Amino acid sequence: MAKRKVDTENRGFQTRWESEYMFTKVAGKPVCLLCGESVAVLKEYNLRRHYETKHADKNKNMDMEQRLQKAEELKRGLKSRQALFKKAKSQGQAAVKASFILAEEIAKSARPFTEGDFIKNCMIKVCDEVCPEKRQLFLNVSLSRNTIAERVDQLSINLKEQLVKKGKDFIAYSLAVDESTDISDIAQLSIFIRGVDSSLSVTEEFLALRPMHGTTTGHDLYEEVSRCVNEMELPWEKLVGLTTDGAPAMCGHRSGLVAKIREKMQEENATGELTAYHCIIHQEALCGKALKMEHVMSIITRTVNFIRAKGLNHRQFKAFLTELETEHGDLPYHTEVRWLSQGKVLQRCFELREEICLFLDSKGKDTTQLRDEMFLCEMAFLCDITSHLNAINLQLQGRDRVISDMYSTVKAFKTKLTLWETQMRKENLSHFPSCQTMKEKLSTSAFPSTQLADKIGMLTTDFRRRFADFEAQKSRLELLGNPFAVDVESSPPNLQMELIDLQCNDALREKYAPAAHPGCSNVVYVWQHIPV
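So, a few notes on the structure that sits alongside this text. (Residues numbered from 1 in each chain as written. Predicted model: local features only at pLDDT ≥ 70, side-chain atom pairs only at ≥ 80, totals over all residues. Heavy atoms only, no water.)

Concerning the pattern of salt bridges
Where charged atoms from two side chains of opposite charge approach closely, those side chains can pair.
Stage number 1. Evaluation of the coordinates by the stated rule reveals 14 salt bridges.
Stage number 2. In this structure, Lys264 engages Glu268 in a salt bridge whose closest nitrogen and oxygen atoms are separated by 3.2 Å.
Stage number 3. Of the charged contacts, one joins Glu354 and Lys441 as a salt bridge, the two residues approaching to 4.0 Å between their closest N and O atoms. One end of the pair, Glu354, is in helix α14 (residues 353-362); the other, Lys441, is in helix α18 (residues 433-441), with 87 residues separating them in the sequence.
Stage number 4. Among the charged side chains, a salt-bridge network with shared partners connects Arg210, Glu224, Arg227 and Glu231. (Salt bridge = Lys/Arg side-chain N within 4 Å of Asp/Glu carboxyl O. Helix = DSSP H or I, 4+ residues; strand = E, 2+ residues; numbered from the N terminus.)

Quick notes on the layout of surface pockets
Stage number 1. In this model, the second largest pocket occupies a volume close to 880 Å³.
Stage number 2. Lining the second largest pocket are 22 residues; nearest its centre among them are Leu155, Ser156, Leu159, Lys160 and Phe206.
Stage number 3. The greatest single-element share of the lining of the second largest pocket, amounting to nine residues, is contributed by helix α6 (residues 145-167). (1 Å grid on protein atoms, 1.4 Å probe; cavity = no way out; pocket = protein on both sides within 12 Å on 5 of 7 lines; lining within 4 Å. Points joined across faces, edges and corners; volume = space filled by probe spheres on them.)

What to know about the pairing of strand β4 (residues 187-197)
Stage number 1. For β4, a buried count of nine out of 11 residues is recorded, marking the element as mostly surrounded by other parts of the structure.
Stage number 2. Looking at chain direction, strand β3 (residues 170-181) and β4 are connected through 11 bridges and run antiparallel. Across the sheet, residue Leu175 finds its bridge partner in β4, namely Ile193.
Stage number 3. Once β3 ends, the chain turns through five residues before running back antiparallel as β4, passing Asp185 with a positive phi of about 65 degrees.
Stage number 4. As judged from the 10 bridges shared by β4 and strand β5 (residues 202-212), these two strands associate in the antiparallel manner. The partner of Ile191 across the bridge, within β5, is Ala208.
Stage number 5. Counted along the chain from β4 to the antiparallel partner β5, the turn is four residues long, and its residue Leu200 has a positive phi close to 65 degrees. (Buried < 20%, exposed > 50% of the residue type's maximum accessible area, 1.4 Å probe, protein only. Pairing = 2+ DSSP bridges.)

Regarding empty space enclosed by the protein
Stage number 1. Per the stated rule, a full pass over the model turns up one cavity of 30 Å³ or more.
Stage number 2. The space that makes up the largest cavity amounts to roughly 70 Å³.
Stage number 3. Considering the residues around the largest cavity, the lining is formed by Ile300, Thr303, Cys349, Arg353, Ile356, Cys357, Leu370, Phe375, Leu376 and Met379.
Stage number 4. Mapped onto the lining of the largest cavity, the elements with two or more residues apiece are α11 (294-309), α14 and α16 (373-396).
Stage number 5. Of the residues belonging to the lining of the largest cavity, the class tally is eight nonpolar, one polar and one charged. (Nonpolar A, V, L, I, M, F, W, Y, C, P; charged D, E, K, R; others polar.)

Structural notes on the nonpolar core
Stage number 1. Of all hydrophobic cores here, the largest spans 59 residues; its most connected members are Ile300, Ile356, Phe381, Ile385, Met424 and Phe463.
Stage number 2. Per element, the largest residue contribution to this core is 12 residues, and it comes from α16.
Stage number 3. Sequence-distant contacts of Phe381, defined by excluding residues within four places in its chain, comprise Leu291, Met293, Met424, Phe432, Cys435, Leu452, Lys455 and Ile456.
Stage number 4. Grouped together as the second largest cluster of nonpolar side chains are 30 residues, Leu163, Tyr173, Ala208 and Met250 included. (Core = buried A, V, L, I, M, F, W, Y, C linked by side-chain atoms within 4.5 Å. Contact = heavy atoms within 4.5 Å.)

Things to note about the sheet that holds strand β7 (residues 275-278)
Stage number 1. Reading across from one edge, β5-β4-β3-β6-β7 is the order of the five strands in this open sheet, with mixed pairing throughout. Every other strand in the sheet has two partners, leaving β5 and β7 as the edge strands with one partner each. Along the sheet, successive strands turn relative to each other by an average axial angle of 20 degrees, direction set aside.
Stage number 2. Sheet topology note: the β3/strand β6 (residues 239-244) ladder contains four bridges and is parallel. Residue pairing in the sheet places Ser174 in a bridge with Gly241 of β6. (Axes fitted to C-alpha atoms, helices over the stretch in contact; angles between N-to-C directions.)

Below, the structure written as structure tokens:
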């Protein structure tokens, strides 16, 4: 005979038991309103036995109406106690959540973890003025140094788990690797990942920052990248792209990082081809060195350092500018590792060139070079061309940038360089405002337009040389960037029939091709919505 199972008997709680036995139902179980004990099996016999054994003497003189009133009173008391516990639980959860939110903000802003105590003190002072009755809620939010460190660690673990989970759905992914030395002379290897799943949803995340205390050879870099890929459980056969900073340790044909990863993919029997890129933004910054105008920048740097390096000179210079009521009140420093700072320093020095010369004269410094007309023309040209280079640098930065869009930006800049060179030879300075200013102020010598046009030509040549690898992939980039306009005959044979169908579909062309979609790259949006 099978054993009876109480859970399958569908026994229900009857309302009359509340007044007869002082029981109510809580979370599916009968609970005594008098003592708070629960009965395991929902049977009238069990409830009656509990009541007669423990509480019969207390309520024997009550009639049915009194029993009902007392039962309702006890139920209200039970509900209020339950609500109190629920409120305390929700307040505790809110305090923990607030602690996580503030820890995330502290980590994002790179603040020290001790800032948590300062933030909490500020919150309590504001609370005392705005809502003093809720002071205890703010006191419950733990923001000590150890708590913030623990919260940040938990957030990091959670983000890693999310990324590992997403990585399992990737159909392809690429890595970007860069090595740089921090202020303590420790090499830091930063690794970024961009992956795409079957729905063409793109995930772009910072993967790891690995300190390298020893050498930074191609083998050392490979070991760190390999360890990171294995920890994230990413399959090597799905790696399709690798972007580096172009250093020999990264791009060496035999022992560089790229070569080592290709060897690893062959060992893993990966059938796909690894495409290696030199960082576009880094190459653009290197192109600026092709101008060979270090002699101008060295004079500017030496002048700025004289003013800024000594506190007395700096204070006197700022007071001097205040006295002259100039638009700018100071000079910025130039830092080599911060590529955009050069343009800002040049622009400021050019705008304050007369004031700088007057200040240096008062200090007994020789200003012959700073007053030389040829030097000023070169300085004006360097100021303008660096401004254009900074503009393209900013266009190439940011999240969710697709290589086809970045290549289009570089291609447009090369076309602009050709135009600027032609205009410079004709002394048309429409796009060089600083040069235009100098040309109007020249007294004796003519503006060196031919010499500066040659500089633009050198820059154009360097751009073409450095971005020749992207020209070799022009057809692939055009196919990715705009499948509606690509030449079908030059496309891969396995895509030609589908491209013809796509290009002849006027509805899809009108819907996706011309428009940009906010919050998403138009390239990604088009490929996500093209029917398969």
